[in-house]
Structure formats: C-alpha cells, structure tokens
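Overview (structure and organization)
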Amino acid sequence: MKYFDELKRSMEFLAADPRVVFMGQAVAVPGTAMSNTLKDVAPGRLIELPVAEELQMGMTTGLALAGQVPVSIFPRWNFLMCGLSQLVNHLDKLAVMSNGGYKAKAIVRTGIGSERPLHPQHQHVGDYTEALRLMCKSIEVIRLDEPEDIFPAYERALLRDDGRSTLIVEYGDYYSEK
Amino acid sequence: MMTAQDLIAFEDEVAARFNAGKIRAPVHLYSGNEAQMIEVFKGIGKNDWVFCSWRSHYQCLLKGVPPAAVMDEIMAGRSISLCFPEQRIYSSAIVGGVLPIAVGTALAIARSGEDARVHCFMGEMTAETGIAHESIKYSRNHRLPIRFVVEDNEKSVCTDTRAAWNQSKLSFENQRDEYIHYYRYQTRYPHAGAGQRVQF
C-alpha cells in the first residue's frame, strides 16, 4: 500500500459522489504533487482558481452552505494560513452561529511541505496541525501518518452526517517515501 | 413588506433596550437608509440568499424573518452575526468575511442551475479591502448570479474612509450595474451601541 496511491484512490472515491467538487490552484492543471492525484477526475469536477487563498476558503464555505461538498486544496500549510480567517471564523463557527441551522460539510486538504530531496527553506515547510486543532471547535483535523490512514479519513469526511467539516493534512515527503 | 416606519420603530426599540442595559452584547443599528434598503429588497426573491455584516437587522426584517424572531436573537446576544437558514440569511461580524462565502454560494447556484441569486451587503470601508476586489472581480468575470450592495455611511467606526485612504472618490462610489449597487446615507447612530453610555 503506497501513500500516493491511497491519496489518488481517495480522490477518485470522492469524485464518485455528485455533490463533490474539487477547487484550488493546480487542481485542473499540473503544478503540485497533489495535482497528480486528481488526473483521472473528470474535468467538470475540477475548479481551477486563481491564487487567492482567502477567496478560495470563503468560497468553500459558500459552496458547502448551498449543499455541495467542496474539496478545497491548499498545497501546503503555509498557503492555507492565508485563508485562516475564513477557516476559523466562518467554516468552523457556522453551526454555532446559526443555532445548528446551517451545516456545512467541506473537506480541506493541505500538506506539510516536502523537505527532501530539496529543502525549500522556512516559508514552504512546517506542520501547523496541532495549532489548528487548538483553534478549531468543530472542524476535525486529521493528519495522515500512514498509507492505511488515508482512505478511511476521506471516507469518513465524505459520509459524516454530523454537520462537521474535516481538515486533512498529508506529508509531502511521504509521496516518495511510504 | 416592512415599511420605513416599521424599520425605524424596530431599531428604536432595540436602541431603547440597549440603552436600558437589557442587551448584554454589542448592537450595530441602521438609521437613515430605510428607503434605499426597501428599494434594494424589491430585487430580492424568496429563494435568494442574503449575506450581511454585523449590521443586518433591516435585511432580516425585509427578507421576511418575523420581527419577534429577530428581536429574540438580538436579545440572546447574536445581533452581530444573525443567521436565519429558513430565509437564507447569513451574517458575520468579520470585516469582509461574507464576501467570498457569498461568491461560493453564487457559484453553487450557477453550477446547479437553481433559480436564485445572491445579494451581499458591505460598508464602504469593506468595499476597499482586497477580498472585496477579489470577490467582485471573480464574480463579474465568471458571470455569477450575485449582486454586491455597498452601503456608504462615510465611516468605519470613527475612521473617515476617504481620509484614511486619501481618496476622495471611493472605488465603487456611485456605481450601479448588474453587480454593484452603491448607495450613500447618513446615520444618527454610532458604529456600535445606541448613542448613550450604558453601565452594565
């Protein structure tokens, strides 16, 4: 069981659900390692966005409000941080702000920047998973440590009926190491 | 449909309750823009979504939330983030927070083909933020079913928007088109509260 293969299988599993739409930069075109996990997803399900992280994260919530299940992809933690206000102040607080009336199920996918064989230095690496767990009250934050963790995490994220969103963190280095 | 007098009376009641120390949470009141708001809502349908800021009492009433229900939420301390799923209303206390969310909902409508539109309200300072420009540009360029309503009361808390940006004419000032509905008004209430210092 390989880390990359499990990610790809999980994306294809998600794509089988008509509610699911994938969004981000380099989802419909090459650009990151994550792009390769989507190459067999139908183009109509891939929304290629400009580099605008706050816009992307807010749109994620808006799509979820309207009944879609967006898979919002940020290639690394450092980029997702540009959208943290939307994640923490809105997606995470939606249910409590509306007395449980609004339920937004979104899947946010991000990664810990790869350090090998090329180390991109300070602003493209780092694991902020624990910090996000402390910030979030309703979003479940899952880090994918092993290949066997991957599919169950995405399956759970898609099928959950508790109104919660899921933030799933992967390791860039594991694409070639596990 | 609520009349201008109904809106004024409602807000006056909120002000009175706040000044009497009965609302233990901040309130942000409208005044002076009743006619403009009623005009805006002539173009808002039952199935449409409305996204607002911390100041949203008028939108909730005009969208059809019963006044008693709005007042209950205000008394419960939720004036700055009123949400009514049945009427498709989402409000947020974060500057520019609802703008990209509104864009996402408009995108969902475009993808599904539902007969509905999105209406997103913001003040004039919010309209100058980067997220406002991104949200409007993306929506306009992708022809999404959304309209942005810019409400210019000339102030951001106590900051004069034009002076702070050193710009006499704001980015969307006087614009009226398919995507932008700008209007200007003056209010008798401060940014927060109802004009009297309240000792809690």
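Details of the structure are given in the entry above.
Notes on the structure follow. Quick caveat: nothing in here was measured; it's all calculated off a predicted structure. (Residues numbered from 1 in each chain as written. Chains lettered and ligands numbered in written order. Predicted model: local features only at pLDDT ≥ 70, side-chain atom pairs only at ≥ 80, totals over all residues. Heavy atoms only, no water.)

Details of the overall build of chain B
Note the threshold: Counting from the N terminus, the helices are the DSSP runs of H or I reaching at least four residues and the strands are the DSSP runs of E reaching at least two. A 1.4 Å probe rolled over the protein chains alone gives each residue an accessible area, and that area as a share of the maximum for its type sets the label: buried under 20%, exposed over 50%, partly exposed in between. Residues count as neighbours in contact if any of their non-hydrogen atoms are within 4.5 Å of one another.
Counting its regular elements, chain B contains 7 helices and 8 strands. Along the longest, intermediate and shortest principal axes, the C-alpha atoms of chain B span 50 × 40 × 25 Å. The buried share among the 200 residues of chain B stands at 55%. Put simply, 74% of the contacts in chain B that link residues at least 6 apart link residues at least 24 apart.

Comments concerning the sheet that holds strand β4 (residues 118–123) of chain B
All names here are of chain B. This is how it is decided: Whether two strands pair comes down to DSSP finding at least two bridges between them.
The strand order across the open sheet built from 6 strands is β2-β3-β1-β4-β5-β8, with neighbouring strands paired in mixed fashion. With one partner strand each, in any of the chains shown, β2 (83–84) and β8 (180–184) form the two edges of the open sheet. Looking at chain direction, β2 and strand β3 (residues 89–91) are connected through 2 bridges and run antiparallel. Residue pairing for β3: Phe84 is matched across the bridge by Ile89.

A short note on the side chain of B:Glu173
Residue and element names in this part refer to chain B. As a reminder, the rule being used: Identification of polar contacts relies on pairs of N or O atoms within 3.5 Å, with a donor-acceptor requirement for protein atoms, meaning one able to donate a hydrogen and the other able to accept it, and with residues adjacent in sequence counted only if both atoms are side-chain atoms.
Looking at the secondary structure, you find Glu173 in the loop between α7 (161–165) and β8. Reaching out from Glu173, the side chain makes a polar contact with the side chain of Arg162 at a distance of 3.0 Å. Apart from the residues lying within four places of it in its own chain, the contact partners of Glu173 are Arg162, Ser168, Tyr182 and Arg184.

As for the interface of chain A and chain B
As a reminder, the rule being used: By definition, the buried area sums, over both parts, the 1.4 Å-probe accessible area that each loses when the two are put together. Think of a salt bridge as a Lys or Arg side-chain nitrogen and an Asp or Glu carboxyl oxygen that are within 4 Å of each other. Residue classes follow a fixed rule: Ala, Val, Leu, Ile, Met, Phe, Trp, Tyr, Cys and Pro count as nonpolar, while Asp, Glu, Lys and Arg count as charged, and any other residue, Gly among them, counts as polar.
Each partner contributes residues to the interface: chain A has 27 residues there, and chain B has 29 residues. Across the chain A/chain B interface, buried area totals approximately 2200 Å², and carbon plus sulfur atoms make up 67% of it. Remark: the boundary between chain A and chain B carries 0 salt bridges. At the boundary of chain A and chain B, one finds 8 residue pairs in polar contact (both at pLDDT 80 or more). When contributions to the side of chain A that touches chain B are tallied by element, the ones reaching two or more residues are α2 (53–65), α4 (84–91) and α5 (94–97) of chain A. Broken down by element, the side of chain A that touches chain B gets its largest block of residues, 8 residues, from α2(A). A per-class count over the side of chain A that touches chain B returns 13 nonpolar, 12 polar and 2 charged.

Describing helix α7 (residues 147–159) of chain A
All names here are of chain A. Our working definition: This arc is taken over the directions from the axis of the helix to the C-beta atoms.
Restricting attention to buried positions, one finds in α7 the residues Pro147, Ile150, Phe151, Ala153, Tyr154, Ala157 and Leu158. Taken end-on, α7 shows its buried residues confined to a sector of 160 degrees, consistent with a single buried face. On its buried side, α7 packs onto α1 (3–15), β1 (20–24), β3 (69–74), β4 (107–112), β5 (140–143) and β6 (166–171).

A short note on the pattern of salt bridges
Residues and elements named next belong to chain B. Using the criterion set out here, one finds 28 salt bridges over all chains in the structure. Note that Arg143 is salt-bridged to Glu178, the shortest N-O span being 3.3 Å. Taken together, the residues Arg143 in the loop between α6 (130–141) and β5 (146–152) and Glu178 in the loop between α7 and β8 connect sequence positions 35 residues apart. Residue Arg143 is classed as exposed on the basis of its relative accessible area of 56%. Judged by its relative accessible area of 42%, Glu178 is partly exposed. Linking Glu173 and Arg162 is a salt bridge whose minimum nitrogen-to-oxygen distance equals 3.0 Å. One end of the pair, Glu173, is in the loop between α7 and β8; the other, Arg162, is in helix α7, and 11 residues separate them in sequence.

A few points about unusual backbone geometry
Residues and elements named next belong to chain A. Between Arg116 and Pro117 the backbone carries a cis peptide bond, its omega angle lying at 0 degrees. Along the chain, the position of Pro117 falls in the loop between β4 and α6 (129–135). Notably, Ala26 is not glycine yet its phi reads approximately 65 degrees, a positive angle. Residue class for Ala26 comes out buried when judged on its relative accessible area of 7%. In the Ramachandran plot, Gln121 falls in the positive-phi region, its phi being about 70 degrees despite a non-glycine side chain.

Re the sheet that holds β6(A)
Residue and element names in this part refer to chain A. Definition in use: Each axis is a line fitted through C-alpha atoms, and for a helix only the stretch in contact is used; angles between axes span 0 to 180 degrees, taken between their N-to-C directions.
Within the open sheet, the 6 strands sit side by side as β2-β1-β3-β4-β6-β5. Their pairing is parallel. The sheet terminates laterally at β2 (46–48) and β5, the two strands that pair on one side only. Strand-to-strand, the axes of this sheet are offset by a mean angle of 20 degrees, without reference to chain direction. Packing of α1 onto the sheet brings it into contact with β1, β3, β4 and β6, and relative to β1 it is tilted by some 125 degrees. On the sheet, α7 packs against β1, β3, β4, β5 and β6 and is oriented at approximately 165 degrees with respect to β6.

With respect to the state of the cysteines
Selection criterion: Any pair of cysteine sulfurs within 2.5 Å is marked as a disulfide.
Within this structure, the stated rule accounts for 0 disulfides over all chains. B:Cys60 takes part in no disulfide bond, and the closest cysteine sulfur to it belongs to B:Cys52, at a distance of 5.8 Å.

Details of the environment of B:Ile44
Residues and elements named next belong to chain B. Of note, Ile44 is situated in the loop between α2 (34–41) and β1 (49–52). The exposure class of Ile44 is buried, given its relative accessible area of 12%. It is 10 Å that separates the C-alpha atoms of Ile44 and Arg147, two residues lying 103 residues apart in sequence. Other than its neighbours up to four places away in sequence, Ile44 contacts Val50, Lys63, His119, Phe121 and Arg147.

Interpretation note: all reported values are geometric properties and have no functional meaning in isolation.
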